[in-house]
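Fold and geometry: a report
Listed below, chain by chain, are the residues.
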Amino acid sequence: MLPAKGNSVSPTGYTLKRRIARSVRERVPLFLLALLAVWLALPARADELSDARKLLLTGKYPQAIQAAEKGAKEEESSEDWRILLVQAHMAVGQYAQAHTALTNALSRYPHSSSIRLRFVGRDVKLFNGLPDEAKELLDEINRLAGSRTWAYRDPANVTALGRAALLLGADPKMVLDRLFEPVKKAAPDLRDIYLATGQLALDKGDFQLAAKIFQEALKRFKEDADMQFGLARSLMSGSRPQALRALERAMEFNEQHIPARLLLVDHLVDAEEYEEAEKLLKEVVAVNVNQPEAWAYRAVMAHLRNDPAKEKQFRADALRHYTNNPAVDQLIGRKLSQKYRFNEGAAYQRLALKFDRNHLPAKLQLAQDLLRLGEEEEGWKLVADVSEADGYDVNAFNLVTLKDTTDKFVALTNAHFILRMDAQEAKVYGPRVLALLQRAHDTLTKKYGLTLEKRTIVEIFPEQKDFGVRTFGMPDNPGFLGVCFGCLITANSPASARGNASNWEATLWHEFCHVITLTLTRNKMPRWLSEGISVYEERQASPAWGQVMNPRYREMILGDELTPVGDLSSAFLTAKSDLHLQFAYYESSLVVQFLVEKFGVEKLRKILADLATGKPINQAIVAHTAPLEKVEKDFAAYAKDLAEKLAPGLDFEKPKAMAALPGAKGEGRPSDGTVVIPPAPPLAPDGKPLVDPLKLHPKNFYVLTQTAKKLIAEKKFSEAKAPLQKLLENYPTHTGADNALWLLASVHRELKETSQERLVLTKLAALDADAVDAYLRLMELAAATKDWPVVAENARRYLAVNPLVPQPHRWLARASEELKQPAEAIAAYQTVLLLDPADPAEVHFRLAQLFHPTNLKSAKQHVLMALEEAPRFREAHELLLKLAPEAKP
């Protein structure tokens, strides 16, 4: 419709350009008029191209194909339309059509020299079974870039050149510094440069850098599904809840976004939510029935269902078009290894390497699989190969660096274990580790009726970063004490605790229990059951080990935060906080406890045997217990009953003033029932509270604890006894920070009530596996009364937490002397010398005395070393004189 005469409401620019054309029509040659016509059409064409790209980026693929076909026909000189057409066909798996579009484009001038078309065309060739032609396209890019450099200086072409250079094996840092970074500075609004640099960081395993790049990109491209997907990939290994939120946003911007859906499938497979994963895969193949990763995930789930025929078929489907695609087998193998199927995972990596012997992701994954299977010679060789081929791969670099450390470890062995440790630590407590492991072996193999055919490798790392690299491939994985891979256990040394003491004996018992259950099931068990049995067996080994009910867990159970048994594995992956993760461990152990108490340990063993055959966990439970609905219902009742029985004489309802505080609700609260102190109540003119909280809540757990702490802070120690004793009468097993046992012991100490202090600390030491302060104080009190068995007992308790300090060894040595146990005393004193004691002369002197009756040579050596440290040491001189005539032949 034409506007009325004199009307000025025509579209912006239309009238101006029409007038320009009219004014110059008779004053310029015809060829300039033709150029002017092209210029007049450019804004409209640019808008159409932008709209068509938006169709592709928002998942409207048929419309994108239609628009690209129209644009390519109307603008034969534009490579952008043809690239868009190829990309749209590839997005929906129309590989033949994409190949036709590519071939047509490259056969016509000016596209015959397009490097961007060639870069996009590489994947087209691969997915049409033409790997040689795919390689030729890259070689052509290389030749064109060398002969026609002047033609490819714009940001889009430089970006494509950089990506092609990486595929051709160029140095990544050179590409980043010389190509990508200059483009980013010159064209900060170029979308492809963020995708290219972000992908490079992901490929090298630098997830922090990748996250930074995609977060920066999202400031410019706020509703870009690809950027949200890149951010999700960056966060998946370190912050899964944030990654899942990024995936949600990606699918908001593009409901058909296949990579986002596949990454969510990956998460669901990890969480053992296979039905939900299959639903998503159906959505993926509805968009692209030829998507190889979708079929690869189906192969993974078929393997986990013990359906080899389907597994084989799905793998074939994944390879139907790109027949030698190493990424298919690499993905299948990686997911199986994440399920602890390392043998099967390694086999798939070898298949991937048959397709491409230089496929570094498969080579590195195979290396890690072999290292976890104990096949270390080949594993470390593969790590070195990857690092040499790609010096920028973060995982490979970390592993190569780690090997320099582990090569210095020493090995202690017995019939069932190979223990590798730092040489100094091995001297200090290596024999204790072997003894503990042997005790775990004897106890658990007998209980579960298993004979282990190969020795278990145990590696203990004094640096948390080294433990992280050996275990996860990355140094930043705090919070894990140990991990078991089947025949390999990795653990943090007490040296890495850095103020967060934990009982290494309980940790190794827990991890060795994994060796038992993973072996029994051939690594075919869900995470929740594996962790649940290990925590349960901790409690069976010692009342001070494992997790127990506490006020916070009580609140979570009664507040309907229990996860259904059938979904428990997902609780480990989607935990909202560290507290919720710890609760997942505890709830899993309660399920095991419930099954054993209700159906017997033999039923548990039969469930494990069924898992070894490939039977799904829910079916195995049903086969040996009851219908899953009944199991879940009965377990929920069982857990709630335990929660309600926790200190029934106390009120655990938080007073309103307390409930309003940060940490009183949600994930900020301490996990062990630690009390959050509420604001002080209003005061009367005389300074006393207008309302006494204790009178309002005389049985309230939190008020009683707060009142006691307040009185202790005011040094009203005698008055603090009453609330603490009331707590202990009703809740005598509470441990952790601010527990009544520790507070009451401190009150007794202030009041010089030594016998009462010792009695209270004795109770605490029997319940808390990490209470080193209580152990140390008990050693002091028991030594004062010459109760040497108690000194020795608490020295051993202390050593189970931290054997790398001299005090517990010294107390154990002293107690062993008095108990006439010279061998243990000698070993303890020798360990003290390894820990740089403040008084080495005294230690050498005591060793000389202990060696005197049986080993005169060692006795003389130690007395001389005592005198070397303290030349005026009178007792040492006297002992030397005594030894001199005895040492003569």
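Residues numbered from 1 in each chain as written. Predicted model: local features only at pLDDT ≥ 70, side-chain atom pairs only at ≥ 80, totals over all residues. Heavy atoms only, no water.

Further remarks concern the overall build of the protein. A tally of helices and strands in the protein yields 45 helices and five strands. When the 889 residues of the protein are sorted by exposure, 51% land in the buried category. Across the protein, every contact between residues at least 6 apart in sequence was considered, and the portion connecting residues at least 24 apart equals 60%. On the protein, roughly 42,700 Å² of surface is accessible, and the fraction owed to carbon and sulfur atoms is 53%. (Helix = DSSP H or I, 4+ residues; strand = E, 2+ residues; numbered from the N terminus. Buried < 20%, exposed > 50% of the residue type's maximum accessible area, 1.4 Å probe, protein only. Contact = heavy atoms within 4.5 Å. Areas by Shrake-Rupley, 256 points an atom, 1.4 Å probe, with all protein chains shown as cover.)

Topologically, Glu136 is positioned in helix H7 (residues 131-147). Glu136 gets classed as partly exposed once you look at its relative accessible area, which sits at 30%. Along the backbone, Glu136 and Arg118 are 18 residues apart, and their C-alpha atoms lie at a distance of 9.4 Å.

Over its 13 residues, helix H4 (residues 79-91) extends 18 Å from the first C-alpha to the last, a length consistent with the 18 Å expected when each residue adds 1.5 Å. Of all the 13 residues making up H4, 10 are buried; the element is thus mostly covered by neighbouring parts of the structure. Within H4 the residues assigned to the buried category are Glu79, Trp81, Arg82, Ile83, Leu84, Leu85, Val86, Ala88, His89 and Met90. For H4, the N-terminal capping position is held by Ser78, with its side-chain oxygen 3.3 Å away from the main-chain nitrogen of Asp80. Directly beyond the C-terminal end of H4, a positive phi value near 80° is found at Gly93. (Expected span 1.5 Å × (residues − 1). Polar contact = N/O pair within 3.5 Å; in protein donor to acceptor, adjacent residues only side chain to side chain.)

With that settled, the discussion passes to the state of the cysteines. One pass over the full model with this rule turns up zero disulfides. There is no disulfide at Cys484, and the cysteine sulfur nearest it, in Cys487, is 8.2 Å away. In this structure Cys484 comes out as buried when scored by relative accessible area, which is 3%. (Disulfide = S-S within 2.5 Å.)

A few words now on the pairing of strand S2 (residues 417-421). Burial of S2 is extensive: four of the five residues sit out of reach of the surface. In the sheet, strand S1 (residues 410-413) pairs with S2 via four bridges, with the strands oriented antiparallel. For Ala411, the partnering residue across the bridge sits in S2 and is Arg420. Following S1, the chain reverses through three residues before pairing antiparallel with S2. Strand direction decides the pairing type here: S2 and strand S3 (residues 456-461), joined by four bridges, are parallel. The partner of Phe417 across the bridge, within S3, is Thr456. Read from S2 through helix H23 (residues 423-448) to S3, the crossover connection turns out left-handed. (Pairing = 2+ DSSP bridges. Right-handed = clockwise from strand over helix to strand, strands pointing away.)

Right, let's get into helix H44 (residues 856-869). The end-to-end C-alpha separation of H44 is 20 Å, in line with the 20 Å expected for 14 residues at 1.5 Å each. Residues of H44 that are buried: Ser858, Ala859, His862, Val863, Ala866 and Leu867.

Take the nonpolar core next. The tendency in soluble globular proteins is for nonpolar side chains to be buried as a group. If you look at the biggest cluster of nonpolar residues, it comprises 138 residues, and the most contacted ones within it are Leu508 and Leu529. It is helix H29 (residues 578-599) that provides the largest number of residues to this core, a total of 11 residues. Beyond its immediate stretch of four places on either side in the chain, Leu529 contacts Val592, Leu604, Ile607, Leu608, Leu611 and Ile617. Ranked by size, the runner-up nonpolar core spans 95 residues in total, among them Leu102, Leu235, Leu244 and Ile258. (Core = buried A, V, L, I, M, F, W, Y, C linked by side-chain atoms within 4.5 Å.)

Turning to the sheet that holds S3, a few remarks are in order. Spatially, five strands are ordered S1-S2-S3-S5-S4 in an open sheet, and the strand pairing comes out mixed. Strand pairing shows two members of the sheet lacking a second neighbour, S1 and strand S4 (482-484), which therefore form its edges. Mean inter-strand twist for the sheet, computed between neighbouring axes without regard to direction, equals 15°. Helix-sheet contacts for helix H24 (residues 464-472) involve S3, S4 and strand S5 (488-492), and the interaxial angle to S5 is about 155°. (Axes fitted to C-alpha atoms, helices over the stretch in contact; angles between N-to-C directions.)

Let's shift gears to the packing of helix H12 (residues 225-235) against helix H13 (residues 240-253). At a minimum axis separation of 8 Å, H12 and H13 run at an interaxial angle of 165°. Classed by the angle they form, the pair H12 and H13 counts as roughly antiparallel. Taken as a pair, H12 and H13 cross one another with a handedness that is left-handed. Between H12 and H13, the contacting residues are Ala225, Gln228, Phe229, Leu231, Ala232 and Leu235 on the first element and Arg240, Gln242, Ala243, Ala246, Leu247, Arg249, Ala250 and Phe253 on the second. The residue makeup of the contact of H12 with H13, split by class, is 10 nonpolar, two polar and two charged. (Parallel < 35°, antiparallel > 145°, perpendicular 65-115°, else oblique. Left-handed = near helix turned anticlockwise from the far one by under 90°. Nonpolar A, V, L, I, M, F, W, Y, C, P; charged D, E, K, R; others polar.)

Next up on the list: the packing of aromatic side chains. Summed over the entire model, instances satisfying the criterion amount to 25 aromatic pairs. Taking the centre distance of 5.2 Å and the plane angle of 35° together, the rings of Phe652 and Phe701 count as tilted. Taken together, the positions of Phe652 in the loop between helix H32 (628-644) and helix H33 (656-659) and Phe701 in helix H35 (residues 701-713) put the pair 49 residues apart, joining distant regions of the chain. Assigned by exposure class, Phe652 and Phe701 land together as buried. Between the aromatic rings of Phe845 and Phe873, the centroid separation amounts to 5.0 Å while the plane-to-plane angle is 45°, which identifies the pairing as tilted. Linking Phe845 in helix H43 (residues 840-851) with Phe873 in the loop between H44 and helix H45 (874-887), this pair joins segments that are 28 residues apart in sequence. In textbook terms, an aromatic cluster arises when at least three aromatic residues are bridged by ring pairs, as seen for Phe594, Phe599, Phe635 and Tyr638. Over the face of the ring belonging to Trp295 we find Arg298, whose NZ or CZ atom lies 4.8 Å from the ring centre. (Phe/Tyr/Trp six-rings, centres within 6.5 Å; stacked < 30°, edge-to-face > 60°. Lys NZ or Arg CZ within 6 Å of the ring centre and 35° of its normal.)

Looking now at the side chain of Glu505. Mapped onto the fold, Glu505 is located in helix H25 (residues 504-520). Buried and unpaired, Glu505 has no salt bridge, with Arg439 as the nearest side chain of opposite charge at 4.5 Å. Apart from the residues lying within four places of it in its own chain, the contact partners of Glu505 are Leu436, Arg439, Trp545 and Ala800. (Lys, Arg positive; Asp, Glu negative; His and termini not counted. Salt bridge = Lys/Arg side-chain N within 4 Å of Asp/Glu carboxyl O.)

Running from N to C, helix H14 (residues 258-270) and helix H18 (residues 326-338) point in directions that differ by 30°, and their axes come no closer than 10 Å. The orientation of H14 relative to H18 falls into the category roughly parallel. For the element pair H14 and H18, the recorded crossing hand is right-handed. Mapping the contact onto sequence places Asp266, Val269 and Asp270 in H14 and Arg334, Lys335 and Gln338 in H18. Residues belonging to the contact of H14 with H18 are distributed by class as follows: one nonpolar, one polar and four charged.

What follows deals with the pairing of S5. Among the five residues of S5, five are classified as buried, and the element is accordingly described as predominantly covered. The side-chain alternation of S5 yields two buried faces, one formed by Leu488, Thr490 and Asn492 and the other by Ile489 and Ala491. As paired strands, S3 and S5 are joined by five bridges and run parallel to one another. Looking at S5, one finds that Ile460 is bridged to Ala491. The sheet contact formed by S4 and S5 spans three bridges and is antiparallel. By the bridge assignment for S5, Gly482 is matched with Ala491. Between S4 and the antiparallel strand that follows it, S5, lie three residues; Gly486 among them carries a positive phi value of about 125°.

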